[in-house]
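Single-letter residue listing:
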2 protein chains.
Amino acid sequence: MRGGQTDAVLGRIVIDEVRPRTLTGAFPAKAVVGEHVRVSADIFRDGHDLLAARVCWRPAGTKPWSEEPLATTGEDRWEGTFEPSTLGHHEFVVEAWTDTYATWHHKIATKVGAGQSVELEREEGARLLESRARKVAKEDRGILTAAAKSLRADTGTDWDRMRPALEAEVAALMAGPAKPAAVTRSKPQKLWVDRERALVGAWYELFPRSEGGLAGTRTRLTAIAGMGFDVLYLPPVHPIGRTYRKGRNNTLDPAPDDPGSPWAIGSADGGHTAIEPSLGTLTDFEALVQRAHELGMEIALDYALQCSPDHPWVTEHPEWFHHRPDGSIAYAENPPKKYQDIYPIDFWPAAEADRVALWDACRDILEFWIARGIRIFRVDNPHTKPMAFWAWLIADTQEVHPDVLFLAEAFTRPKVMAKLAEVGFSQSYTYFTWRNERWELEEYLTELSVGPTADYMRPNFWPNTPDILSGPLRGGGPAAFRLRLLLAATLVPSYGIYSGYELGENEPASESNEEYLYSEKYEVKKREWDDPRSLAPFITTVNDIRRRHPALHRLRNISFHRSENDNIMAFSKRSDDGSDVVLCVVNLDPGSTQESTLHLDLEVLGVAAGEPFEVHDELTGDAFTWQGAHPYVRLDPWVAPAHVLGVRGRVTA
Amino acid sequence: MRGGQTDAVLGRIVIDEVRPRTLTGAFPAKAVVGEHVRVSADIFRDGHDLLAARVCWRPAGTKPWSEEPLATTGEDRWEGTFEPSTLGHHEFVVEAWTDTYATWHHKIATKVGAGQSVELEREEGARLLESRARKVAKEDRGILTAAAKSLRADTGTDWDRMRPALEAEVAALMAGPAKPAAVTRSKPQKLWVDRERALVGAWYELFPRSEGGLAGTRTRLTAIAGMGFDVLYLPPVHPIGRTYRKGRNNTLDPAPDDPGSPWAIGSADGGHTAIEPSLGTLTDFEALVQRAHELGMEIALDYALQCSPDHPWVTEHPEWFHHRPDGSIAYAENPPKKYQDIYPIDFWPAAEADRVALWDACRDILEFWIARGIRIFRVDNPHTKPMAFWAWLIADTQEVHPDVLFLAEAFTRPKVMAKLAEVGFSQSYTYFTWRNERWELEEYLTELSVGPTADYMRPNFWPNTPDILSGPLRGGGPAAFRLRLLLAATLVPSYGIYSGYELGENEPASESNEEYLYSEKYEVKKREWDDPRSLAPFITTVNDIRRRHPALHRLRNISFHRSENDNIMAFSKRSDDGSDVVLCVVNLDPGSTQESTLHLDLEVLGVAAGEPFEVHDELTGDAFTWQGAHPYVRLDPWVAPAHVLGVRGRVTA
């Protein structure tokens with residue numbers, strides 16, 4: 001083996017830690033169309049020579065590479081951005097090379113500055129220029145040969161006489177590697193590009209049975225669109241099982257007319273591709289989807305891979321379930337708890353053929369609804385199914401339908417949630433519901449926006465869900481509901497609420513239980529949408545602010561600013577192109593007025609130090625002219641939970 | 001592509017973030033023979049089933065795997081250790097599987113506890129036991145079938161009657177995966193195993209010319225070995241160039257008898273494989289190496305790949321150097337600074353054949369000295385040579401000589417230093433010289449011992465070098481010298497000092513210059529080794545403590561304890577097997593007595609809370625009985641810089 005020097009894993013230059021990437025690098029990182037994708041890498045080489053670097057990127061399967069420059073940000077880190085414009089798989093590589101011209105330029109300038117002889121450096125420069133002249137377009141050749149000639153024209157150290165040879169026009173022609181062989185390339189990195197809804201959207205969840213079924217939901221949709229929501233998410237609309245059906249408040253003895261939990265899927269009326277008859281028909285469903293599109297919205301369906309004991313699969317495919325020694329099918333258990341209305345599916349049956357058939361059948365459910373206009377699936381409890389299943393299912397589906405999105409409803413350990421995102425989920429539910437203090441919100445947002453998972457895990461913040469009524473919402477008043485919605489809607493680009501939020505429904509099942517009392521999961525709810533105390537106008541305003549501010553359409557652009565009061569949190573977001581900056585100053589205490597001096601990072605806000613700047617409160621319509629980094633704020637939660645300030649930059653008085 | 005489900009990159013179980021590993025995973029992590037190598041990984045799967053995991057490891061190229069169990073440490077992290085016993089490449093994989101028996105055991109125990117029927121669980125358990133019975137050794141079969149029978153013997157929920165079937169003997173037979181197909185394996189990970197000197201050693205550096213050449217150095221070696229040093233490192237012993245030779249204090253006009261810098265290698269007397277005539281002959285060198293071995297020491301040579309203008313390579317291989325337009329060879333420059341006595345080598349000449357010949361010639365220098373008994377090379381400025389060169393050179397050398405070690409003398413940016421370690425250097429000089437405050441020492445040691453580089457970068461702490469006189473040593477007294485030596489010798493397992501340290505040489509070249517005044521790099525030094533103020537006795541004691549305490553032979557086993565005085569730093573180290581614990585309480589202020597209450601983590605010290613325990617001060621011989629986690633300490637720097645306490649665990653009064 002000795003003497004062989006060609007199998008080195010290193011090139012001339014070191015390129016490490018290329019981002020974006022997932023934890024293992026085995027799956028693509030994520031971006032959306034039109035996003036300025038930030039690419040970064042550690043780039044260095046031995047010695048003092050100067051480097052140059054770029055990112056080359058392309059949609060997978062296409063030939064030509066696009067290029068964008070990378071620039072150093074210090075400590076051997078380099079950064080740049082590119083902007084994908086099509087859906088699907090992309091790849092990118094980072095390339096770096098020794099910038100011979102810049103190295104030479106730095107050397108001669110330093111020596112001239114020190115009054116040293118640069119006779120040899122002049123000649124070296126002239127040769128560099130001439131060498132490049134042989135490779136550039138004919139019309140540019142003269143610029144380089146003239147510069148070379150000027151370098152050789154004198155033997156002095158008069159920088160002013162040399163400088164013309166080194167101006168921008170020459171530098172531009174000297175950019176790029178001298179020859180491809182001298183370029184070090186990173187391994188290709190994978191990037192999946194979704195449509196923008198994967199990153200940005202306002203969601204609304206409702207139970208169609210409480211709105212008069214699918215037809216009633218279609219009527220209600222106008223109001224929901226009017227509040228500015230983008231996505232209507234429906235719990236399962238499939239036939240509900242009869243066996244061990246749950247009654248009101250999750251009891252085991254239902255009344256004859258109790259509707260049961262929509263997640264107990266399957267009855268004699270069909271399984272995951274059928275509509276619960278009490279909600280309407282497939283035709284009603286298609287009309288709802290159609291109406292949503294007309295209103296600029298879309299419908300997200302629940303994808304809950306489990307069966308009631310009455311699901312057709314139980315008799316048609318017993319091999320897809322766990323069996324007990326007495327021949328019965330195992331219901332769901334987390335001992336000592338029993339869930340007899342649910343049969344979990346065995347996603348890894350002993351026979352490979354059974355596994356393939358099952359996975360294909362799960363895929364076919366998606367295809368059925370995709371064919372009916374659905375492009376978003378909210379996936380129920382994905383952490384109870386194998387990661388390998390999701391990796392296959394999502395890749396397989398998105399290969400044919402790159403516009404399909406998956407939201408992971410996993411409230412579980414951090415590594416499991418991150419892994420679901422890595423294997424392909426477009427979005428993830430989060431711990432937001434349990435983050436209320438300033439320090440924990442800042443810590444969590446920092447993790448989500450700049451931590452290692454930020455390259456592939458997109459949070460969707462829900463102040464409430466049908467399963468979770470927590471924190472200040474439990475028994476809380478309208479100020480608490482406004483606060484939590486505003487935080488969700490501004491901290492991250494995707495958020496959602498579950499129906500009834502606007503009416504301030506706040507009664508928990510018990511002191512220790514996060515569920516709602518009289519949970520809609522087990523009964524039909526009637527609501528007074530016209531209640532004058534409804535928060536709908538506030539929600540409409542917030543969604544309108546979100547729409548108008550591109551700064552609120554990004555995840556990784558958040559910065560926190562200091563305040564002296566732990567109840568006052570200040571953060572800002574900046575749009576990709578820097579033209580839009582939003583500063584939110586939030587009173588985290590829905591019970592009292594709070595005040596604080598702020599300590600703003602003006603550079604982050606794009607504001608010149610010492611210059612007055614205008615901020616426009618999008619919630620109240622007030623405008624203020626601020627000067628300096630330390631404004632004083634006072635927030636009465638009964639008026640508004642926050643200042644949501646459009647920062648106008650310098651005031652030209 | 002649809003329907004293909006076999007190319008999944010995921011198994012049944014997720015195994016991520018396997019450590020030890022290097023940053024990129026392309027190079028082996030590092031360990032030494034006899035080290036308890038800590039292996040860890042994120043391991044989880046969907047659902048609630050319990051898992052089991054192990055590490056399988058072997059020297060590369062051998063067949064049978066050894067196994068050690070991994071146990072969960074919480075948050076989906078698993079850990080275990082294995083202990084390599086041979087030098088060279090090793091590989092390991094992490095394996096995980098669903099522990100069907102443990103899952104069943106947990107389920108039945110929980111249901112019994114809740115008073116639920118377990119009839120089906122009994123039968124499931126019996127089947128599990130019988131299934132395993134068919135696979136175990138004949139003599140064990142009866143244990144499992146009897147347990148199965150006992151499970152079926154009753155229909156009640158009397159746990160006491162079932163328990164005998166589930167005792168340790170059965171559990172042991174039920175350990176391990178049911179079938180290999182159900183096991184998920186990580187990708188193989190690489191580990192390079194060095195001899196212990198790669199991790200543990202006390203180094204001493206001297207200039208042979210100040211000791212009367214190689215023969216005088218051989219005489220001096222007895223005293224150095226007597227102080228307890230393991231390695232004697234010599235600056236280059238090769239012929240020193242004449243052209244542009246440096247004079248005293250790095251001046252450009254040497255006196256005729258100035259010896260020049262040993263790093264200006266090469267003259268008419270030869271290059272990197274010759275001995276400077278004024279030091280002696282190759283025979284003298286071999287006698288020195290021989291004497292070192294007799295004293296239980298070894299010699300480390302300097303490997304400085306650069307040439308004086310008089311080096312034979314300059315005329316024999318001009319193609320290995322950079323050329324200027326006038327045909328001259330380029331000397332070293334960092335404009336505006338010029339180093340005309342040094343020609344840097346061009347490690348990447350344009351012609352591939354030249355590069356191969358050069359790299360081979362560099363390798364042959366190593367082989368020359370290896371053939372003369374050298375097994376440690378201190379590499380001068382490796383960061384000015386290509387990473388790809390080191391990756392090749394070190395792997396190539398260690399493939400034939402796995403006992404050869406390389407110390408990287410790179411004082412440069414963190415990522416460059418880490419990369420040198422990743423591509424193969426056995427040890428690294430560090431920033432220790434510039435870390436003096438408690439917070440920065442704790443932060444730096446935490447980074448070095450548990451940060452991502454801890455798996456492959458081994459620090460060697462030098463309080464001084466011929467190039468660096470810094471911090472409290474500049475003009476400092478004996479207390480400062482004792483302090484910095486004690487820190488270096490106890491914080492990490494490898495440390496070294498440069499000759500003259502024991503005499504307290506403390507005069508800097510200037511206020512702003514880190515060099516020594518009258519640096520030995522440019523002149524011969526005469527020293528009074530018998531000075532009664534010499535720190536040699538103190539150093540001897542410290543090296544003796546190091547030898548006797550295996551806790552001080554490891555890097556990754558350090559823990560810091562709180563103190564209330566920023567001048568008092570407390571840290572402890574624990575040997576691999578836990579039998580030896582050393583607690584160091586250091587006064588970081590060499591100018592005054594400091595005192596503090598400590599807040600010890602007794603669990604880390606292996607001491608039971610509430611029990612008295614004995615600590616033995618290895619520097620003073622004093623013994624104390626402490627009780628509780630909050631002892632009070634007072635340290636007078638004129639007496640000792642620290643308590644170095646052997647912790648004897650619980651006192652059996």
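Residues numbered from 1 in each chain as written. Chains lettered and ligands numbered in written order. Predicted model: local features only at pLDDT ≥ 70, side-chain atom pairs only at ≥ 80, totals over all residues. Heavy atoms only, no water.

Caption draft 1: Seen up close, the pattern of salt bridges. Residue and element names in this part refer to chain B. All chains considered together, the criterion is met by 112 salt bridges over all chains. E298 is the salt-bridge partner of R197, the closest N and O atoms lying 3.9 Å from each other. Separated by 101 residues along the polypeptide, R197 in the loop between β9 (189-194) and β10 (201-205) and E298 in strand β12 (residues 298-303) bring together distant segments of the chain. For R197, a relative accessible area of 21% puts it in the partly exposed group. By relative accessible area, which is 12% here, E298 ends up buried. (Salt bridge = Lys/Arg side-chain N within 4 Å of Asp/Glu carboxyl O. Helix = DSSP H or I, 4+ residues; strand = E, 2+ residues; numbered from the N terminus. Buried < 20%, exposed > 50% of the residue type's maximum accessible area, 1.4 Å probe, protein only.)

Caption draft 2: Molecular detail of helix α10 (residues 387-400) of chain A. All names here are of chain A. Over its 14 residues, α10 runs 20 Å from end to end, which matches the ideal 20 Å to within 8%, given 1.5 Å per residue. Counting buried positions along α10 gives 11 out of 14 residues, so the element sits mostly inside the fold. Looking at α10, one finds that the buried residues are M387, A388, F389, W390, A391, W392, L393, I394, D396, T397 and Q398. (Expected span 1.5 Å × (residues − 1).)

Caption draft 3: Local environment of the sheet that holds strand β17 (residues 376-380) of chain B. Residue and element names in this part refer to chain B. Here seven strands make up an open sheet; going across it, the order is β19-β18-β17-β12-β11-β10-β20 and the pairing parallel. In this open sheet, the two strands that pair with only one neighbour each are β19 (427-428) and β20 (494-498). Relative to strand β11 (residues 231-234), β10 runs parallel, the two sharing three bridges. Counterpart to Y204 in the pairing with β11 is L232. Running at roughly 135 degrees to β12, helix α7 (residues 282-294) makes contact with β11 and β12 of the sheet. (Pairing = 2+ DSSP bridges. Contact = heavy atoms within 4.5 Å. Axes fitted to C-alpha atoms, helices over the stretch in contact; angles between N-to-C directions.)

Caption draft 4: Structural view of unusual backbone geometry. With omega at 5 degrees, the peptide bond leading from R19 of chain A into P20 of chain A counts as cis. Along the polypeptide, P20 of chain A turns up in the loop between β1 (14-19) and β2 (29-32). One non-glycine residue, N249 of chain A, lies in positive phi territory at about 55 degrees. Secondary-structure assignment places N249 of chain A in the loop between β11 (231-234) and α7 (282-294). On the accessibility criterion, N249 of chain A (30% relative accessible area) is partly exposed. A positive phi angle, close to 55 degrees, is found at Y244 of chain B, a residue other than glycine.

Caption draft 5: Molecular detail of the environment of T243 of chain A. Residues and elements named next belong to chain A. Along the polypeptide, T243 turns up in the loop between β11 and α7. Spatially, the C-alpha atoms of T243 and A264 are 9.4 Å apart, while their sequence positions differ by 21 residues. Sequence-distant contacts of T243, that is, excluding residues within four places in its chain, are made with P309, D310 and D341. A distance of 2.5 Å separates a polar atom in the side chain of T243 from a polar atom in the side chain of D310. (Polar contact = N/O pair within 3.5 Å; in protein donor to acceptor, adjacent residues only side chain to side chain.)

Caption draft 6: Seen up close, the interface of chain B and chain A. Tallying the contact residues gives 68 residues for chain B and 68 residues for chain A. Both sides together, the interface formed by chain B and chain A hides about 5,800 Å², and carbon and sulfur atoms give 55% of it. On inspection of chain B and its partner chain A, the count reaches 14 salt bridges. With a closest N to O distance of 2.8 Å, K419 of chain A and D16 of chain B form a salt bridge. At the level of secondary structure, the elements contributing two or more residues to the side of chain B that touches chain A comprise β1 (14-19), β3 (37-44), α1 (100-113), α2 (119-133), β14 (332-334), α9 (352-370), α10 (387-400) and α11 (414-423) of chain B. Counting residues per element, the side of chain B that touches chain A draws most heavily on α10 of chain B, at eight residues. Its residues assigned to classes, the side of chain B that touches chain A shows 24 nonpolar, 14 polar and 30 charged. (Buried area = accessible area lost by both parts, 1.4 Å probe. Nonpolar A, V, L, I, M, F, W, Y, C, P; charged D, E, K, R; others polar.)

Caption draft 7: Inspection of the nonpolar core at higher detail. Among the nonpolar cores identified, the biggest contains 131 residues, and W390 and L491 of chain B are the most heavily contacted of them. Ignoring anything within four residues of it in the chain, the contact list for W390 of chain B reads Y303, L305, V379, P382, K385, A395, L420, V423 and F425 of chain B. Membership of the second largest hydrophobic core comes to 130 residues, among which are L358, I376, A418 and L441 of chain A. (Core = buried A, V, L, I, M, F, W, Y, C linked by side-chain atoms within 4.5 Å.)

Caption draft 8: The arrangement of the pairing of strand β25 (residues 581-587) of chain A in detail. Residue and element names in this part refer to chain A. The buried fraction of β25 amounts to seven of the seven residues, a majority that puts the element mostly inside the structure. The alternating pattern of β25 places V581, L583, V585 and N587 and V582, C584 and V586 on opposite faces, both of which are buried. Note that strand β24 (residues 568-574) and β25 share seven bridges and pair antiparallel. In the sheet register, A570 faces β25, and the bridge partner there is V585. If you look at the hairpin formed by β24 and β25, you'll find six residues sitting between the two strands, and G578 has a positive phi there, around 80 degrees.

Caption draft 9: The pairing of strand β9 (residues 189-194) of chain A, seen in detail. All names here are of chain A. Summarising burial for β9: five of the six residues are buried, a large majority. For β2 and β9, the ladder comprises four bridges, and the chain directions are parallel. Residue pairing across strands places A29 opposite L191, the latter belonging to β9. Inspection of the sheet shows strand β7 (residues 88-98) paired to β9 by five bridges, in the antiparallel sense. Considered in β9, the bridge of H90 is made with L191.

Caption draft 10: Examining the relation of the copies chain B and chain A more closely. Each copy of the sequence occupies a distinct position, and chain B is placed on chain A by a rotation of 180 degrees and an axial shift of 0.0 Å, giving an RMSD of 0.1 Å. These values place the two chain copies in the arrangement generated by a two-fold rotation axis. In terms of C-alpha distance to the rotation axis, chain B has T24 of chain B as its closest residue, with the C-alpha 5.5 Å off the axis. (Least-squares fit on C-alpha atoms with pLDDT ≥ 70 in both.)

Caption draft 11: Up close: the packing of helix α1 (residues 100-113) of chain A against helix α2 (residues 119-133) of chain A. All names here are of chain A. Between α1 and α2, the least distance of the axes is 10 Å, while the angle of their chain directions is 160 degrees. As judged from the angle between their axes, α1 and α2 are roughly antiparallel. The two elements α1 and α2 meet at a crossing, and its hand is left-handed. Listed contacts from α2 to T100, Y101, W104, K107, I108 and K111 of α1 are E121, R122, E124, G125, L128 and L129. Taken together, the residues of the contact of α1 with α2 sort by class into five nonpolar, two polar and five charged. (Parallel < 35°, antiparallel > 145°, perpendicular 65-115°, else oblique. Left-handed = near helix turned anticlockwise from the far one by under 90°.)

Caption draft 12: The arrangement of the packing of aromatic side chains in detail. Scanning all chains against the criterion turns up 70 aromatic pairs over all chains. Relative to F571 of chain B, the ring of F560 of chain B has its centre 6.2 Å away and its plane inclined at 55 degrees; by these criteria the two rings are tilted. Separated by 11 residues along the polypeptide, F560 of chain B in strand β23 (residues 558-563) and F571 of chain B in strand β24 (residues 568-574) bring together distant segments of the chain. Members of the aromatic cluster, connected to one another through ring pairs, are Y303, F347, W348, W359, F377, F389, W390, W392, F406 and F425 of chain A. Note that R220 of chain B overlies the ring of W529 of chain B, its terminal NZ or CZ placed 3.7 Å from the centroid. Directly above the ring of F368 of chain B sits R372 of chain B, whose terminal nitrogen or CZ lies 3.7 Å from the centroid. (Phe/Tyr/Trp six-rings, centres within 6.5 Å; stacked < 30°, edge-to-face > 60°. Lys NZ or Arg CZ within 6 Å of the ring centre and 35° of its normal.)

Caption draft 13: Just the side chain of K30 of chain B, in detail. All names here are of chain B. The residue K30 is located in strand β2 (residues 29-32) in this model. Looking at K30, its side chain comes within polar contact range of the main-chain oxygen of A421, at 2.5 Å. From its side chain, K30 meets the backbone oxygen of Y456 in a polar contact 2.7 Å long. In contact with K30, other than residues within four places in its own chain, are L191, W192, D194, A421, G424, F425, S426, D455, Y456, R458 and R556.

Caption draft 14: Main features of the confidence of the model for chain A. Residue and element names in this part refer to chain A. Summing up the model confidence of chain A, the mean pLDDT is 94 and the portion of residues at 70 or higher is 96%. This model gives residues 1-7 a pLDDT under 50, and the stretch forms 18 contacts once residues within four places in sequence are excluded. Overall fold confidence for the complex sits at a pTM of 0.95, while the interface term, ipTM, reaches 0.94. (pLDDT = per-residue confidence, 0-100.)

Caption draft 15: Looking closely at the environment of S40 of chain B. All names here are of chain B. If you trace the backbone, S40 turns up in strand β3. For S40, a relative accessible area of 8% puts it in the buried group. Along the primary structure S40 and Y431 are separated by 391 residues, whereas in three dimensions their C-alpha atoms are 28 Å apart. Excluding residues that lie within four positions of it along the chain, S40 makes contacts with E17, V18, R19, R77, W78 and E79. There is a polar contact of 2.8 Å between the side chain of S40 and the side chain of R77.

Caption draft 16: Representation of the sheet that holds strand β18 (residues 405-409) of chain A. Residues and elements named next belong to chain A. An order of β19-β18-β17-β12-β11-β10-β20 is seen for the seven strands of this open sheet, with the pairing classed as parallel. Strands with a single pairing partner mark the edges of an open sheet, and in this sheet they are β19 (427-428) and β20 (494-498). The pairing of β18 with β19 spans two bridges and is parallel. Considered in β19, the bridge of A408 is made with S428. Taken strand by strand, α7 contacts β11 and β12 (298-303), and its axis lies near 135 degrees from that of β12.

Caption draft 17: Region of the structure containing the side chain of T433 of chain A. Residue and element names in this part refer to chain A. Looking at the secondary structure, you find T433 in the loop between β19 and α12 (438-450). Taking relative accessible area as the criterion, T433 reaches 5% and is therefore assigned buried. The residues touching T433, leaving out its near neighbours within four places in the chain, are W462, P463, I468, S470 and R484.

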